[in-house]
Amino acid sequence: LKCSFQGPGDDIEWVKWHPRGHLVLAGSKDRNAHMWNADKEAYLTMFTGHGGHVTCGDFTLDGKTICTGSEDATMRVWNPKNGETIHVVKGHPYHTEPLTCLAINSDSTLALTGSVDCSAH
């Protein structure tokens, strides 16, 4: 065990490493995503805006963007440097039920999400 992280007010749902650095991103049942610097064992940012547990997420391959999915049936696109929401994907014809998984393609231009509503978008 190199280090442990503190921050979320509830259970951690998933954890991802930054593709080019020592940053760690995690989604939580507290409706937020959280980011730490693993080398410094330092809490950096809380990504706030989802209306339900943050059930999936990842960095883009270039590390310049974060995508998260939630039980609120939305996908949010974030700026990891300042924690601000860049875009929210929601409503028809998107998912109607909680998101369960998320994948980002190799050139960081597309994100695919899966949902309890038995669809992928």
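The structure we're discussing is the one just above.
Being a predicted model, the structure only gives us computed values, none of them experimental.

Asker: Explanation requested: the environment of glutamate 13 in the structure shown.
Answerer: With respect to the element layout, glutamate 13 can be found in strand E1 (residues 12–17). Linking glutamate 13 and threonine 55, residues 42 residues apart in sequence, is a C-alpha distance of 5.8 Å. Leaving out residues up to four positions away in the same chain, glutamate 13 has contacts with Gly27, Ser28, Lys29, His53, Val54 and Thr55.

Asker: Before we go on, may I ask you to explain the sheet that holds strand E8 (residues 85–89) in this structure?
Answerer: Each strand in a sheet pairs with its neighbour through backbone hydrogen bonds, running either in the same direction (parallel) or in the opposite one (antiparallel). Here we have four strands laid out as an open sheet, ordered E5-E6-E7-E8, and antiparallel in their pairing. Every interior strand has two partners, whereas the edge strands, strand E5 (54–59) and E8, have only one. Geometrically, the sheet is characterised by an average inter-axis angle of 15° between neighbouring strands, direction not taken into account. Sheet analysis places strand E6 (residues 66–70) next to strand E7 (residues 75–78), joined by four bridges and oriented antiparallel. If you follow cysteine 67 over to E7, its bridge partner there is valine 77.

Asker: Where do I start with unusual backbone geometry in this structure?
Answerer: Comment: phi is negative for the bulk of residues other than glycine, and the bulk of peptide bonds are trans. A positive phi is found at arginine 31, a non-glycine position, where the angle reads about 75°. Mapping arginine 31 onto the fold places it in the loop between strand E2 (23–28) and strand E3 (32–37).

The rules behind these values
- Residues numbered from 1 in each chain as written.
- Predicted model: local features only at pLDDT ≥ 70, side-chain atom pairs only at ≥ 80, totals over all residues.
- Heavy atoms only, no water.
- Helix = DSSP H or I, 4+ residues; strand = E, 2+ residues; numbered from the N terminus.
- Contact = heavy atoms within 4.5 Å.
- Pairing = 2+ DSSP bridges.
- Axes fitted to C-alpha atoms, helices over the stretch in contact; angles between N-to-C directions.

That's the geometry; what it means functionally is another story.
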